[in-house]
Amino acid sequence: MIKVLVVDDDFMVAKIHSGYVGRVEGFEVVGVAHSGADALRAVEELRPELVLLDIYLPDMDGLTVLRSMRTGARPSAEPDVLVISAAHDLDTVRGAVRGGAVHYLIKPFSFDALREQLEHFRALHDRLSELPGDSPAAQQDIDRLFGTPGRPAATPKGVASETAVVVERVLREAAASGEDLSATECAGLAELSRVSARKYLEHFVDIGRAEVRLRYGGTGRPERRYRWSA
């Protein structure tokens, strides 16, 4: 679960936003703060991974809180920040971007608008967790993290057109039945190793012919589920 801290001076608004977060799979609200000082203390104590941060707070503005989080004494407690505010002047938006906010939602916003941003953050969070910690990231990995358009994804090393056809057929048949597949399930149906199946599945995702979603279960990493979309 991704731990979320909700920061808003309005008690009712904070309650509504907390309810929104609670409705999105994979997220839990671990705390609520109604001032800048309380927010900074909560970050240190609760170690959230994401903060929903209002700009208008009674003791300091949200941009000051954002800068303080980035320059705190405990960098390991530094969370990502999604700004949620009625402020929409360019200077404030620019300050949020420069402060490293992952996005900026203007109040009032719908549940669907927040859900979309939370799901985007969850996908980014999961992609980061999947990168090998003991080796450099490839440019393709970085482009996927930042959503950078670029050259079409490279063909996987050792790709065989015959195998690609088999994996495509398996995905198409599953999609026709309204189902998606894990790499393990695809491997069994295509009579491939899981590693090979995963390589082809990710290739189809990279070139836009398949979609991937994350299914959360018990402990451990979420399962990647693939569906043909071309």
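Structural notes, computed from the coordinates. In this text the structure is predicted, and so the values were computed from the model without any measurement.

## Examining the packing of aromatic side chains
Thinking step 1. Within this structure, the stated rule accounts for two aromatic pairs.
Thinking step 2. Aromatic side chains Phe-204 and Trp-228 sit 5.2 Å apart centroid to centroid with 80° between the ring planes, which places their arrangement in the edge-to-face category. With Phe-204 in helix 9 (residues 194–206) and Trp-228 in strand 7 (residues 223–228), this pair connects stretches of sequence that are 24 residues apart. Taken as a pair, Phe-204 and Trp-228 share a single burial class, namely buried.
Thinking step 3. The ring of Phe-111 has Arg-23 lying over it, and the distance from NZ or CZ to the ring centre is 3.7 Å.

## A look at the sheet that holds strand 5 (residues 103–106)
Thinking step 1. The strand order 2-1-3-4-5 describes an open sheet built from five strands, whose pairing is parallel. The open sheet has two edge strands, strand 2 (27–33) and strand 5, and neither has a second partner. Looking at each pair of strands side by side, their axes are set apart by 20° on average, direction ignored.
Thinking step 2. Sheet topology note: the strand 3 (residues 50–53)/strand 4 (residues 80–85) ladder contains four bridges and is parallel. What sits directly across from Val-51, in strand 4, is Val-81.

## Here's the deal with helix 9
Thinking step 1. Over its 13 residues, helix 9 runs 18 Å from end to end, which matches the ideal 18 Å to within 8%, given 1.5 Å per residue.
Thinking step 2. Looking one or two residues beyond helix 9, the residue adopting positive phi is Gly-208, at roughly 80°.

## Looking at the packing of helix 8 (residues 183–190) against helix 9
Thinking step 1. It is at 8 Å that the axes of helix 8 and helix 9 come closest, and there the two elements cross at 105°. In this view, helix 8 runs roughly perpendicular relative to helix 9, as classed from their interaxial angle. Of helix 9, the residues touching helix 8 (which contributes Ala-183, Thr-184, Cys-186 and Ala-187) are Arg-194, Ala-197, Arg-198 and Leu-201.
Thinking step 2. Tallied by class, the residues present in the contact of helix 8 with helix 9 amount to five nonpolar, one polar and two charged.

## Side note on the environment of His-125
Thinking step 1. You can see His-125 is positioned in helix 5 (residues 111–130).
Thinking step 2. His-125 gets classed as partly exposed once you look at its relative accessible area, which sits at 27%.

Calculation rules
Residues numbered from 1 in each chain as written. Predicted model: local features only at pLDDT ≥ 70, side-chain atom pairs only at ≥ 80, totals over all residues. Heavy atoms only, no water. Phe/Tyr/Trp six-rings, centres within 6.5 Å; stacked < 30°, edge-to-face > 60°. Helix = DSSP H or I, 4+ residues; strand = E, 2+ residues; numbered from the N terminus. Buried < 20%, exposed > 50% of the residue type's maximum accessible area, 1.4 Å probe, protein only. Lys NZ or Arg CZ within 6 Å of the ring centre and 35° of its normal. Pairing = 2+ DSSP bridges. Axes fitted to C-alpha atoms, helices over the stretch in contact; angles between N-to-C directions. Expected span 1.5 Å × (residues − 1). Parallel < 35°, antiparallel > 145°, perpendicular 65-115°, else oblique. Contact = heavy atoms within 4.5 Å. Nonpolar A, V, L, I, M, F, W, Y, C, P; charged D, E, K, R; others polar.

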